[in-house]
Amino acid sequence: MATLNTPQAAEQLRISRFGGLKQASVVADRGASMMRNFRILEDGSLEKRCGYRVLHNLNAPIRGVWEGTLNGETLTFAVGGNTVYRKRADQSSMTAVYQLTTNSGRVTFFMYRNRLYLLDGVSALIYRPALGSFSVAEGYTPLYGRNWHPTSMGKVNEPVNLLQNRVRIHYLNTAGSTVFQLPFTAKQIDRLYLDDKAVTSYSFTPDTSTFTISSVDSAVRSVEVSFVRSDAFDQRDQVLSNSTAALYTDPIRETVLIYGSSPYTVYCSRRVTDEMLAESARIYTGSDPLYLPEDNTFAVGSPTHPITCVCQFHKQALIMNQQSVWALRYSEPTEADPDPSDNDPRIYLLSSGIGCSAREGALVCGNRLATVQLGEIYLMNSPVNDPSFCTFQQITQDLQDSPGEVFTKSSLLYYRERADQLWWFDPAAPNGVIRIYDKKNEVWFTYDGIPANNFFELDGELCFSTDSGGIYLFDETEEYDNGKRITAVYQSHYLEPSHPELLKRCMRVCLGATVGAGELTLELDTDRGSFPLILPGACDSTPDLFDRRVSVGKFRFLRYRIISQSVERCRIHFLSFSANH
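Every chain is numbered on its own, with residues counted from 1 as its sequence reads. Two thresholds apply to this predicted model, a pLDDT of at least 70 for residue-level local features and 80 or more for giving and counting side-chain atom pairs, whereas whole-chain, interface and lining totals are computed over all residues. For side-chain calculations, the full set of non-hydrogen atoms in the structure is used, while hydrogens and water are omitted.

Draft legend 1. Main features of the overall build of the protein chain. Summing up its helical and strand segments, the protein chain has three helices and 50 strands in all. Relative to the 2.2 N^0.38 estimate, which gives 25 Å for 581 residues, the radius of gyration of the protein chain is 31 Å and therefore markedly larger than a compact globule would have. Taking the principal axes of the C-alpha coordinates as reference, the protein chain spans close to 115 × 50 × 40 Å. Relative accessibility thresholds used throughout: buried, under 20% of the residue-type maximum; exposed, over 50%; partly exposed, between the two (1.4 Å probe, protein chains only). Counting only residues that meet the buried cut, the protein chain has 54% of its 581 residues in that class. Considering only contacts in the protein chain between residues 6 or more positions apart, those separated by 24 or more positions represent 63%. Only the protein chains shown count as cover for residues, and all accessible areas are computed by the Shrake-Rupley method using a 1.4 Å probe. Accessible surface computed for the protein chain: about 25,100 Å², of which carbon and sulfur atoms make up 48%. Only runs of H or I of at least four residues qualify as helices and only runs of E of at least two qualify as strands under DSSP, and these elements are numbered from the N terminus. Between the two quantities, the radius of gyration covers C-alpha atoms and the globule rule is 2.2 Å times the number of residues to the power 0.38. When checking whether two residues touch, look at their non-hydrogen atoms; a contact exists if any pair is within 4.5 Å.

Set out below in structure tokens:
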């Protein structure tokens, strides 16, 4: 915007780049005091947002959506209520493929080792492409004991997998024993191998800790038993009650971190090689590579400050609560050790004072990490070459209507990578208000009428789901919100002329806009009242120039309001005022 004094003692105020939401104490020459359903384009013009249309209606609250490729096939999954739906690429509708035992709460889909898993707070499920459906994820059955003595046993080779209650033990029977000691009482024995040959001739009593082979078989050297531990050892519920998972990847490992039910516990997976998985599957054909060892559990924070979010940022996994950020790091490959173990991740406090106060309220956007913290959003930066150091930049200082602590405890973030925009929303907020931060232009604006409980991309297009069971697609050609007309409003602050002490009269308003067959309302507010102008379009796609002589009486300060209630989308290119003293 420029200020020009003319020889006729007139002032001209021209706005050629519109600003986003911005606080102002009294007067301001740029920025909006209120902005709804307009977005700012790269050249600074205003454009009414597009509408959305329904893709699917599942008639139950949408709890999670996933799209990706499995075995070369593109699939979409959605959970509506207690039903898991699937859509293949050549299908237009979704088909029910599995029934959950829960019907509320968010679910998490995640890909691990080229397999799709689903957590719902009660079960861990895995998609079986051959069956076209989900089944219970059995996980990896560890070889708990290796080359043990039949009676004195030995050290733990692979810890118990908390995801299930089974273990395998291998003994070297050099003493010709017939009685073998188990490290736990067993509920049942599933398989017994003597010198790699499966046998059924053995003695075992349920809920005891020994089994006996016949004296004829005492000459065997190798004995391997697979069994289910007694129910008293079963710890699956404490893991399966978690419904949230985050992934950490680096050049040599892929790790799942599961959390959510315990206020301060994170369950961390461990690598399972193809050879290890094959040995587990030899006994348990449904084995999969998910392995949550009992010694890979981390306690972080406290019950009064529960974990809110876990995510990867650069070369570390971040674990956050309302007050702090911890970093979980693995040993990196070196020339001397190109494949370091993932059995010894280190955890340390990265930051105190700023954390994440909203459940799942942090995510990576570009090269920064955005986090919701008690009514504000901060962008965190941590250099790749020094991940132990971090800084925070607040980006919500220009928002006038701070959403407050209640909003931020249930709000979510979504990063729209294609537009480099951070979307901030609360699924429970009335009227579906979305606060959007344009990182490139460093401006905020808001949309409303979007009752989203989650945002995601399907086939590269922005979509959202709702608690009423709908999945909707934003369409740049769409002028309605699923049949409902969109109202867009842009209201400036009071403009600051070059001589605010002098009384003025508004002589002329000039507005350049593409309106099509619709119309715009331009309202001028002064300290004397409000004066509306109705500006009809020329019914084509070329820009319209609206030039109006207006009289609003004497005033000192002026603000304007642009309103679009027409069906057609519009774009505002510039706005200028001229006034005389």
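The rest of the description comes next.
Draft legend 2. Here's a closer look at helix α2 (residues 274-283). Taken as a whole, α2 has its buried residues at Leu-277, Ser-280 and Ile-283. Considered in projection along α2, the buried side chains sweep an arc of 120 degrees and stay on one side of the axis. α2 presents Asp-274 and Glu-275 as exposed residues on the side facing more than 90 degrees away from its buried surface. Those residues of α2 that are buried are in contact with β12 (115-119), β16 (166-172), β17 (179-194) and β21 (222-229). Here the arc refers to the set of directions running from the helix axis out to each C-beta atom.

Draft legend 3. Molecular detail of the pairing of β12. Of all five residues in β12, four are buried; the element is thus mostly enclosed. Following DSSP output, two strands are said to pair if at least two bridges run between them. As defined by bridge partners, strand β11 (residues 108-112) adjoins β12 across five bridges and the pair is classed as antiparallel. Directly across from Phe-110, in β12, lies its bridge partner Tyr-117. Here β12 runs beside strand β13 (residues 124-128); their pairing, made up of three bridges, is antiparallel. Considered in β13, the bridge of Leu-118 is made with Leu-125.

Draft legend 4. Representation of the pattern of salt bridges. Definition used for salt bridges: Asp or Glu carboxyl oxygen within 4 Å of a side-chain nitrogen of Lys or Arg. Within this structure, the stated rule accounts for 26 salt bridges. Residue Asp-398 is joined to Lys-22 by a salt bridge in which the shortest nitrogen-to-oxygen separation is 3.8 Å. Of the two residues, Asp-398 is situated in the loop between β33 (391-394) and α3 (404-410) and Lys-22 in the loop between β2 (10-15) and β3 (32-36); the sequence distance between them amounts to 376 residues. Looking at Asp-398, the relative accessible area reads 25%, which means it is partly exposed. A residue is classified by how much of its surface remains accessible, and Lys-22, at 37% relative accessible area, is partly exposed. For Arg-168, the salt bridge identified is with Glu-224, shortest N-O distance 3.6 Å. Residue Arg-168 is found in strand β16, and its partner Glu-224 is found in strand β21; the two are separated by 56 residues along the sequence. With relative accessibility at 2%, the residue Arg-168 sits in the buried group.

Draft legend 5. Looking closely at the sheet that holds strand β32 (residues 376-381). As summarised here, the arrangement of the four strands in space is β30-β31-β32-β33, forming an open sheet in which the pairing is antiparallel. Looking along the sheet, the strands with just one partner apiece sit at the ends: β30 (362-365) and β33. On average, each strand axis in the sheet is tilted by 30 degrees relative to the strand beside it, whichever way the strands run. Bridge count for β30 against strand β31 (residues 368-373) is four bridges, and the pairing is antiparallel. Geometry is summarised by axes, namely lines fitted to C-alpha atoms with helices restricted to the contacting stretch, and by angles between N-to-C directions that run from 0 to 180 degrees.

Draft legend 6. Fine view of the sheet that holds β12. The antiparallel open sheet is built from four strands, whose spatial order is β11-β12-β13-β14. Of all the strands in the sheet, the pair left with one neighbour each is β11 and β14 (133-136). Ignoring strand direction, the axes of neighbouring strands in this sheet form an average angle of 35 degrees. Alignment of β13 against β14, held across four bridges, turns out to be antiparallel. When the bridges of β14 are listed, Leu-125 appears paired with Val-136.

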